[in-house]
Every structure is written in structure tokens, then in C-alpha cells.
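The residues making up each chain are set out below.
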Amino acid sequence: MIRVTDLKKVYGHGPAAVAALNGVTLAIETGEFVAVMGPSGSGKSTFLSILGCLERPSGGSYYFGGREVGALDEDELARVRNAEIGFVFQTFNLLPRLDVRQNVELPLIYAGVPRKERRERAVAMLTRVGLEHRLHHKPPALSGGEQQRVAVARALINDPAVILADEPTGNLDSRTSHEIMALFKELHAEGRTIVVVTHEADIARYAGRILYFCDGVFVREEAVTG
Amino acid sequence: MRFFDLWALALGNLAAHRLRAVLTTLGIAIGIAAVIAVVAIGQGGRAVLLAELEKLGTKRAFNISVDWVRGEAPTAGTFTLQDVAVIKELSPAVDKLAPVTSGMFIDIRRPHSRAEPLFCQVIGTTPDLTGVMNIPLAAGRFFSEADVAGHRRVVVLDGALAERLFPREEALGKQVFLQDVPATVIGITERQTGQLLGTMGMQKLVFAPITFTQDLLNTRVIHELNGAAVTEGAVEQAIADCLTILEKRNPGAGVNYTGMSMAESLAILGRATGVMTLIIAAVAAIALLVGGVGVMNIMLVAVTERTREVGLLMAIGARRQDVLKQFLAEAVALCLLGGAFGVLLGAGGAWVIAYFADWPPLISLWTVLLAFGFASLVGLVFGLYPASRAASFSPAEALRHH
Ligand SMILES: Nc1ncnc2c1ncn2[C@@H]1O[C@H](COP(=O)(O)OP(=O)(O)OP(=O)(O)O)[C@@H](O)[C@H]1O
Ligand SMILES: [Mg+2]
């Protein structure tokens, strides 16, 4: 599903240049659930945003589902982000002006799906994450766990093959964190490929494999057993 | 992204900052109101001029007076009835020539009436005036050469004035008192004669033989001559003849005789409304510029505030052009809102002008469409920079923004 070779990312120029990724080579198979761990500043978020086509690497190659991402133009990247990847963020990133259902509908707007179908799909997805009673609330009125469920529903609305989550439980208490991870576990069971960045070892143990980053390098991996 | 969704999102975003939106649109509203005023005054002014031209009747008309601009005023010897007779005799180019002695704020009332007198403007002239301008009669007749020669106390009343003096009666044949001098009503004009002649319709006109008028006002001064040339092409010649003869006959008059064709004086009036149009157009341009910069400013603020949101939208599949369109739609919607206020403001203003200047209604559907077109254009022009800035964000960096 995902294959990166000698992936590099440098921010800035000249003496101020920071190498966030320093030659990462790894592969993630379709249907895999992996966690990414490592100290702060080790390049985990950078790695995830390159996987999510939010930015382009400075060097190396990236194949997503067999396609060379470097060869795609901006509009094609937008389409990949819209239809094939679902993002979940630490800070939820819901639009406070829109209600819960409208937030979940958003990706479908950019896919050009008609209004009626959009609504039905959003309601179905919110029911799935257990929020059918919160359709018309504005995000600020929800608890952190509920907001993250809305974000997960939004990530799932276009039925993407891959879910990318950057510290999805970073702003949640431990009980809610495990509820969200249980949700990811279900998505994995459906056959989706899932990549979760986390600092917490017990969260990482939901994955089948843990990738460790340090100083922009992929240093080792560990299979989760039991 | 569908058209409807685009506008629904744009309006939703504006509604989230209502006060800000309304304040921002103020400049646009003033600009659009001015645009409407420009069109209204341009169209209305032209309509009035055309109507006047038609009413005044002949393109052969011209006017001889002294140089008012230099502060000259006619005296008893400046124009005489003999001058008029001589000019008509000598110049083959002159068809009609009517001397005019006029008096403003002349009180007029019914005999023995206790009612407050009305004020009118008396135009003392000769029957030739009817050959220079249209004076449509509703009843009776205009006075004749014999009436003039005989100093007869006869008058032709303005229709509206006749109605006010004799509300439920036939005015024709009745007596009126002009400054206590009795006169007989022999004719009644249709309402609304002479907006250019006289004081913009504020005072109603009374036509009387020039001889009687001079007796009434106790003066021998003739203020001006109104003539008509034999053909349109002969107007210049007719004016030149008049001036030559007047200067020959009155060498010691001490004034500069000046002549102007009707076409020329209408053109001057046209230029006056043209200048007004230009001034308001400048106001419109400045207001739209200031308003547009205001819109640009507020859109730049919005783009900065919503940087993360832009990153999120891109992460869930918005293309750069979707982001561009979204912010452009917001800028245009802002300007259309301002346009709507402006149309209300401008239509109200134009209505007031039309009411007081006695102009025809001036706001057409086209004017309104033009105004909204202008508003959209301002939105597009001034929204483009903020919108393209938002569209150029890198999604990853926008998401990192705080
Ligand atoms: N836009 C940027 N400009 C300059 N340097 C950057 C930028 N983004 C990230 N970096 C740097 O790149 C390195 C990797 O950052 P990254 O956010 O990927 O780390 P991380 O592993 O996600 O850390 P954390 O656990 O704290 O989230 C850091 O040193 C960071 O300061
Ligand atoms: Mg990070």
C-alpha cells in the first residue's frame, strides 16, 4: 500500500536548514495497522504528512497504492486526499461554525456529491460512531471524545483505504483514548490500512507493528504480540 | 464542488461575523449608491433636456441678450420695439422675433377676493413668441398684434394657476387683478409650460402683451429677444444680423449684445449635468476603491484567521481552485450585500432628486443590474489577492499554523 525509499525532508535553506527526515525506507502493507513512535522532533508528523500527500518530500520516492506520488499534480493529490485517505488530528480540526453533520459532510462537498446523498451518508456515519443524537450540535458543545468521533466519521465518510492519525488521543483522557482506539481497531478489522502516531506505549499496542523514529531516521520496528 | 454549496459556505462564513460584514460593506454601499446616482442623473438629465427640446418646439430658435456673465443688465434703450421691427424688416434670416419684458413675483388674485394673492411670473411679449417656442393652449387664444398695439389688458394663464384661482369655475373670460390692475383671461395654457423658461416651474407663468406688461411694471426695459430663424441652417446668420443691427442702432448702449442658439444653450445645460455626473462618478470611483480596499483588508484578516481551516479543507480534498473560489465567493457576497444597501440608498436618493427636480423616474432594472455588476467586479478584483494567498498555502504548513 505504502512504500517509501530513502525519504528525505529538509525545512528551510542554508545554515537554518533542518533535516526533519533523513532517508527513511519502509513499507506498510494493505490492511496493516501500524503505530509510529519516537521522541519529540524525530520527524513522525513530517512522515505522516508526506504519507498523507499534505507535503512533498525533498528527496527519495513515495509509492501510494502502486502510484508514484511525486508524479501526481496538485489536483490529483487533492483527489487522493479526498477519496483515498482519511485524516484524524490531535486537535480534531472541526469547523466550529458548522454543525456536526455538516462537518462530516465536508469531504463529500469537494467530491461533488449531491446534498441529499451527502446528508444520508453523514447521518449513517455518525450513527456508526455513536453520535446520531448529536447531529445538530456545534463542535464546541461536544466533549473531546465526541469531537474526535466526529473527526473519525469525517475521515471515514469517503470510505478511504487508508486512515492516518497524528496523536489522535493526545488531547483525550485515558478512558476516551481507549474508546477511540477501539474504534480504530474496528476499522482495521474492516480491512483498512491504519497509521497512528503516538507517544503512549499502551496506545501503540493496538497496532500490529510499531515503527520507531529517531532524528529523522527509521531506527527499528517491533511486532506487537498478544 | 457544486455552485450552490460554494455560496452556502460563503454566506455561512459571512454570517459568522455579521457585524464585521455589515461594516465592511458600508464603503461599497456608498460607492454603489453613487453609481446609481450617476446613471440616474445622466439619464434623467438627458430625458429632461430632450423633453425640453421637444417642448420648446423649434431647433431654429435663438436668444439675444446682453452679456449677463459680465454683470451687464439691459436698460430702457438697450432693446426697443422699433429695433425688433427693423430687424424683422432687414434680415431675411430672421423669421420671428419676440421681445420679452418679464416681471417676477407679481401678485395675482381674483377681483375683490380676500384670499392671499398668488405669485406669478409675467412674460410680456408679442405673438411671435408662439413661433419660437411651443405654448400649447388648453382653452382660448393667445393675444394678437392688435392686443399688443392697443395695450390691451389681456392675459394667458398657466393651467395650474388658472385652476388655483378658479377652482370650480371656468377661468376663461374672467377678470383677474395683476398687482391690482384688472385684466381679462383670454387663454389658458396646458399645465407645466416652460421649465427652462421661468424659475424651474416654481412660479407659474402669465403671458401678456408686452405693451400692457410695460405699463403694469412701469418700465420700458426689454430684457431679451427670443427669435426663430427661417431655417435651422440660418440660425447663425440670424443671430449675426440681430447683433449687427442692434449695435448699429444703439451705439451708445454700453453693453455687449450676445446671441445664443437654442441648440447651444441646451448643450451648455447638458454640460452642466455632465459635470455633475463626472463629480458623482469620481465619488463613486473613490468610494468603490476605498470600499474595495476595505473588503480586501477584511478578507486578508479572514484568510489569516482561518489558515488552519484552509489546511484542513485541503487535507480533506479541497483543490487550490476550490479554496480560491470559496474566498472569492465570500468577497463577492460581501460586495453584493454592500451593493444591495447601495441600491436602496441610491434609489432613495434618486427618487428624492427626481421628486424635487420634477424629473421622470430614473431607476431602471438595468441600473440595478449595472450596480450589482459593479459590486461583483469590485469583489472579484479586491478579493483576488486574499483568495489566491489562501489558495497558495501548503496544506501541511497551514495545519501547523496557530
Ligand atoms: N515547517 C517547519 N519549518 C522548520 N522546521 C520544521 C517544520 N516542521 C517541522 N520542523 C522540524 O522538523 C523536525 C521534525 O518535526 P516533526 O513535527 O515531524 O516531529 P514530531 O516527531 O512529530 O514531534 P512531536 O512528537 O513533538 O510532534 C523538528 O525538529 C521540527 O522542529
Ligand atoms: Mg508531531
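Keep in mind that what you see is a predicted model, and the values were worked out from it rather than measured.

With that out of the way, let us pick up the overall build of chain B. Across its full length, chain B holds 13 helices and ten strands. For chain B, with 402 residues in total, the buried portion stands at 49%. Counting only contacts in chain B whose residues sit at least 6 apart along the sequence, the fraction spanning at least 24 positions is 80%. For chain B, the separation between the mean place of its 32 positive charges and that of its 32 negative charges on side chains is 9 Å.

Residue-level contacts link 26 residues of chain A with 28 residues of chain B. Contact with chain B buries surface across chain A, with A:Leu54, A:Arg97 and A:Tyr110 losing the most and accounting together for 31% of the total. Applying the counting rule to chain A against chain B returns four salt bridges. The salt bridge involving B:Asp5 is made with A:Arg118; its shortest N-O contact spans 2.7 Å. The interface formed by chain A and chain B includes twelve residue pairs in polar contact (both at pLDDT 80 or more). Secondary structure elements with two or more residues in the side of chain A that touches chain B: helix H2 (74-83), helix H3 (100-110) and helix H4 (115-128) of chain A.

This part is about the sheet that holds strand S1 (residues 2-11) of chain A. In spatial order, the strands read S2-S1-S4-S5 (chain A); together these four strands make up an open sheet with antiparallel pairing. Either end of the sheet is taken by a strand with one partner, and the two such strands are strand S2 (18-28) and strand S5 (67-68) of chain A.

Bringing H4(A) into the picture now. Quick reminder: α-helices carry 3.6 residues per turn. Residues three or four places apart thus point the same way. If you check H4(A), its first and last C-alpha atoms are 20 Å apart, about what 14 residues at 1.5 Å a residue would give, namely 20 Å. A:Gly130 sits one or two positions beyond H4(A) and adopts a positive phi of about 80 degrees.

All names here are of chain B. Predicted confidence across chain B gives a mean pLDDT of 87, with 94% of residues reaching 70 or more. Mean pLDDT across the elements of chain B bottoms out in helix H2 (residues 18-56) (79) and peaks in helix H10 (residues 307-315) (96). Across residues 193-200, confidence stays below pLDDT 50; counting only partners more than four residues off in sequence or on other chains, it has 21 contacts. Complex prediction metrics read pTM 0.73 and ipTM 0.95.

Below, the discussion takes up the site of ligand 1. Around ligand 1 lies a shell of 13 residues, among which A:Ser40, A:Gly41, A:Lys44, A:Ser45 and A:Thr46 are the nearest. One chain alone does not account for the residues near ligand 1; they come from chains A and B. A:Lys44 has a polar side-chain atom sitting 2.7 Å from an oxygen atom of ligand 1. Contact distances for ligand 1 include 3.3 Å between a nitrogen atom and a side-chain N or O atom of B:Arg400. Protein coverage of the free-state accessible area of ligand 1, which is 640 Å², stands at 67%. Here the shell around ligand 1 takes three residues from helix H1 (residues 44-51) of chain A, the largest share from any one element.

All names here are of chain A. Here lysine 138 is to be found in the loop between H4 and helix H5 (144-156). Along the backbone, lysine 138 and valine 88 are 50 residues apart, and their C-alpha atoms lie at a distance of 18 Å. Those residues within four positions of lysine 138 in sequence are excluded, and the remaining contacts are Pro96, Arg97, Leu98 and Asp99. Within polar-contact distance, the side chain of lysine 138 engages the backbone oxygen of arginine 97 at 3.5 Å.

A few words on the domain arrangement of chain B. Taken domain by domain, chain B comprises domain 1 (3-52 + 268-400) and domain 2 (73-255). Here the C-alpha centre of domain 2 of chain B lies 53 Å away from the C-alpha centre of domain 1 of chain B.

Residues and elements named next belong to chain A. Within strand S7 (residues 162-166), five of the five residues are buried, which leaves the element mostly enclosed by the surrounding structure. The side-chain alternation of S7 yields two buried faces, one formed by Val162, Leu164 and Asp166 and the other by Ile163 and Ala165. Relative to S7, strand S6 (residues 85-88) is paired through four bridges, and the arrangement is parallel. Its bridge partner lying in S7, valine 88 is registered against alanine 165. Pairing geometry for S7 and strand S8 (residues 193-197), over five bridges, is parallel. Looking at S8, one finds that alanine 165 is bridged to valine 196. Each parallel crossover has a hand, and for S7 linked through helix H6 (residues 174-189) to S8 it is right-handed.

Here the focus is the packing of aromatic side chains. Residues and elements named next belong to chain A. The tally for this structure, following the rule as stated, stands at nine aromatic pairs over all chains. Three or more aromatic residues joined by ring pairs make a cluster, and in this case those are Phe47, Phe213 and Phe218. Geometry around tyrosine 212 places arginine 220 over its ring, the cationic atom sitting 3.9 Å from the centre.

In total, this model carries 36 salt bridges over all chains according to the counting rule given. For A:Arg220, the salt bridge goes to A:Glu222, with nearest N and O atoms at 3.8 Å. Of the residues examined, A:Glu222 reaches a relative accessible area of 28% and is grouped as partly exposed. Where B:Glu169 meets B:Arg110, a salt bridge forms, and the shortest distance between an N and an O atom there is 2.8 Å. Residue B:Glu169 is located in the loop between helix H6 (159-165) and strand S6 (175-178), and its partner B:Arg110 is located in the loop between strand S2 (94-109) and strand S3 (118-125); the two are separated by 59 residues in the primary sequence. A relative accessible area of 37% places B:Glu169 in the partly exposed class. Given a relative accessible area of 26%, B:Arg110 falls into the partly exposed group.

Conventions and cut-offs
- Residues numbered from 1 in each chain as written.
- Chains lettered and ligands numbered in written order.
- Predicted model: local features only at pLDDT ≥ 70, side-chain atom pairs only at ≥ 80, totals over all residues.
- Heavy atoms only, no water.
- Helix = DSSP H or I, 4+ residues; strand = E, 2+ residues; numbered from the N terminus.
- Buried < 20%, exposed > 50% of the residue type's maximum accessible area, 1.4 Å probe, protein only.
- Contact = heavy atoms within 4.5 Å.
- Lys, Arg positive; Asp, Glu negative; His and termini not counted.
- Charge placed at Lys NZ, Arg CZ, Asp CG, Glu CD.
- Buried area = accessible area lost by both parts, 1.4 Å probe.
- Salt bridge = Lys/Arg side-chain N within 4 Å of Asp/Glu carboxyl O.
- Polar contact = N/O pair within 3.5 Å; in protein donor to acceptor, adjacent residues only side chain to side chain.
- Pairing = 2+ DSSP bridges.
- Expected span 1.5 Å × (residues − 1).
- pLDDT = per-residue confidence, 0-100.
- Near = heavy atom within 4 Å.
- Areas by Shrake-Rupley, 256 points an atom, 1.4 Å probe, with all protein chains shown as cover.
- Domains from an automatic or database assignment.
- Right-handed = clockwise from strand over helix to strand, strands pointing away.
- Phe/Tyr/Trp six-rings, centres within 6.5 Å; stacked < 30°, edge-to-face > 60°.
- Lys NZ or Arg CZ within 6 Å of the ring centre and 35° of its normal.

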